[in-house]
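Commentary on secondary and tertiary structure
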Amino acid sequence: MADARAVVAAAPPELLESVRKEIRGFGDVAEDVITEQCDDATIQRYLRARNGNVHKAAKLLHGTLLWRKEFKTDTLTIGEFDGRTLSSGRMYIAGNDTSGKSILVTRKRSDAFQAGEFTSYLRYLVFTLETGVRAMKDGQDKWVWLMDMRGYSRANSPPLGVSMATLRILADHFPERLHRCFFIDAPGIFSFLFNALWPFIDPVTRQKIVFINTKDYSKQIDAVNAAGSDGAAREAALQEAAKPAEPDAFDNYLRWYCSQYDEAEYRKLLAAVGWQ
């Protein structure tokens, strides 16, 4: 499967146009929407997600276009999430790695759901994913996801329906965006939810999931934390921990794992990528 996706990574213009032609054939998407949202890079990703099958890629992308209209992604604003959502630091874009990929951070210990907020959670999820797309640099089209699972419990675990809705949004409407996902310090109880979701996760995506126990990195983390606000010492500790020869190693993402969420700085990032 990985080889097939590599083959369609450079699909020729006529194949891209075939996808657009099929979407036009559905007859329910305006031409200006196709022009704006079906650029070459987007179609390439949907083709990779469907192993080069034009019909399947067109069907998947067509579904995304309808979903974006129904979900009203064009109405998302910073103001919609003022208050608890933005102040909690439960989910945010922390910046970019050295290659330009966006770093998406989830802090489960700050992520206790309240009754009636599941719809707003999904809105904020999409807002964050869209921010991740806007923040990508140097031609990158993927993100690295750091999921800090400390504090996960039955009490703050989302209903299975919400987890399934999250999975569908990621798989159907942001395909081929994930580069690596680190589940960090996931307690044993999390296995019940993860095992329920596992059959619905694409086999290629499964290969991008890594479970991390920070006890294995305690020396590096302690060195970074010991530096405190001393920027030079902190950077030296991070450089000491890094593994340049292994770009996907968790060691290279300690700088974002160890960093505290700063709402004011995050608002600057949101404004910088064009949110109002």
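The structure displayed is predicted, hence computed values, not measured ones. (Residues numbered from 1 in each chain as written. Predicted model: local features only at pLDDT ≥ 70, side-chain atom pairs only at ≥ 80, totals over all residues. Heavy atoms only, no water.)

**Some details on the side chain of His179**
Applied cut-off: Counting from the N terminus, the helices are DSSP H or I runs at least four residues long and the strands are E runs at least two residues long. Throughout this description, a polar contact denotes any pair of N or O atoms lying within 3.5 Å of each other; where both atoms belong to protein, one of them has to be capable of donating a hydrogen while the other can accept it, and for residues adjacent in sequence the pair is counted only when both atoms sit in side chains. In this description, contact between two residues means that some pair of their heavy atoms is separated by no more than 4.5 Å.
Take His179: it is sitting in strand 4 (residues 178-184). One polar contact links His179 to Asp248, side chain to side chain, over a distance of 2.7 Å. Residues within four places of His179 in sequence aside, it is in contact with Lys101, Lys142, Trp143, Val144, Lys208 and Asp248.

**A short note on helix 9 (residues 190-197)**
As a reminder of what qualifies: The cut-offs for exposure are 20% and 50% of the maximum accessible area for each residue type, with area from a 1.4 Å probe on protein chains only; residues under the lower value are buried, those over the upper are exposed, and the others partly exposed. This arc is taken over the directions from the axis of the helix to the C-beta atoms.
Looking only at helix 9, the buried set comprises Phe190, Leu193, Phe194 and Leu197. Buried residues of helix 9, seen end-on, are gathered within an arc of 95° and therefore sit on one face of the element. Exposed side of helix 9, more than 90 degrees from the buried face: Phe192 and Asn195 are the residues found there. Next to the buried residues of helix 9 lie helix 8 (160-173), strand 4 and strand 5 (209-212).

**With respect to helix 7 (residues 118-135)**
Test applied: Multiplying 1.5 Å by the helix residue count minus one yields the expected span of that helix.
Between its terminal C-alpha atoms helix 7 stretches 25 Å, which fits the 26 Å expected from 18 residues at 1.5 Å a residue. The buried count for helix 7 comes to 13 of 18 residues, which makes it a mostly enclosed element.

**Regarding the nonpolar core**
To keep it simple, the criterion reads: Nonpolar cores were defined as sets of buried Ala, Val, Leu, Ile, Met, Phe, Trp, Tyr and Cys residues, with membership established by side-chain atoms within 4.5 Å.
Residues Trp145, Leu146 and Phe250 are the most contacted members of the largest nonpolar core, which totals 61 residues. With eight residues, the top contributor of residues to this core is helix 7. Not counting residues up to four positions away in its chain, the partners in contact with Leu146 are Ile103, Leu104, Val105, Thr106, Phe182, Ile184, Phe250, Tyr253, Trp256 and Tyr257. In terms of nonpolar packing, the next biggest core, distinct from the first, is built from 17 residues, Val29, Ala49, Val54 and Ala58 among them.

**Examining the environment of Glu36**
Here Glu36 shows up in helix 3 (residues 31-37). Overall, the relative accessible area of 62% leaves Glu36 in the exposed class. Residues Glu36 and Leu65, spaced 29 residues apart in sequence, show a C-alpha to C-alpha distance of 11 Å.

**Considering the packing of helix 11 (residues 218-226) against helix 12 (residues 231-241)**
Quick reminder of the rule: Angles run from 0 to 180 degrees between N-to-C directions of axes, and those axes are lines fitted to C-alpha atoms, restricted for helices to the stretch in contact. The cut-offs work like this: below 35 degrees is roughly parallel, past 145 is roughly antiparallel, 65 to 115 is roughly perpendicular, and the gaps in between are oblique. Left-handed describes a crossing whose near helix is turned anticlockwise from the far helix through less than a right angle; right-handed describes the clockwise counterpart. Basically, the charged four are Asp, Glu, Lys and Arg, the nonpolar ten are Ala, Val, Leu, Ile, Met, Phe, Trp, Tyr, Cys and Pro, and anything else, Gly included, counts as polar.
Viewed as axis vectors pointing N to C, helix 11 and helix 12 meet at an angle of 165°, and their least axial separation amounts to 8 Å. In terms of their interaxial angle, helix 11 and helix 12 are classed as roughly antiparallel. In the packing of helix 11 onto helix 12, the handedness of the crossing is left-handed. Across from Gln220, Ala223 and Val224 in helix 11, the residues of helix 12 making contact are Arg234, Ala237, Leu238 and Ala241. A class-by-class count of the residues in the contact of helix 11 with helix 12 yields five nonpolar, one polar and one charged.

**What about the packing of helix 2 (residues 13-26) against helix 4 (residues 40-49)?**
Think of two packed helices as two axes; the pair is described by the angle between the axes and how far apart they sit. In contact at an axis separation of 10 Å, helix 2 and helix 4 are set at 85° when each is read in the N-to-C sense. Judged by the angle between their axes, helix 2 and helix 4 are roughly perpendicular. Contacts between helix 2 and helix 4 pair Leu15, Leu16, Val19 and Arg20 from the former with Asp40, Ile43, Gln44 and Leu47 from the latter.

**Re the pattern of salt bridges**
For clarity, the threshold we go by: By salt bridge we mean one thing: a side-chain nitrogen of Lys or Arg within 4 Å of a carboxyl oxygen of Asp or Glu.
This structure, assessed with the given rule, holds 17 salt bridges. Residues Arg20 and Asp40 are paired through a salt bridge, measuring 2.5 Å at the closest nitrogen-oxygen approach. Of this pair, Arg20 sits in helix 2 while Asp40 sits in helix 4; the two residues are 20 residues apart in sequence, bridging distant segments of the chain. The buried category is assigned to Arg20, whose relative accessible area is 12%. You can call Asp40 partly exposed: its relative accessible area is 42%. Where Glu80 meets Arg123, a salt bridge forms, and the shortest distance between an N and an O atom there is 2.8 Å. Here Arg123 lies in helix 7 and Glu80 lies in the loop between helix 5 (54-71) and helix 6 (84-88), a separation of 43 residues in the sequence. The class for Glu80 is partly exposed, based on a relative accessible area of 34%. Residue Arg123 is classed as buried on the basis of its relative accessible area, which comes to 13%. The network of salt bridges with shared partners includes Glu17, Arg20, Arg24, Glu31 and Asp40.

Interpretation note: all reported values are geometric properties and have no functional meaning in isolation.
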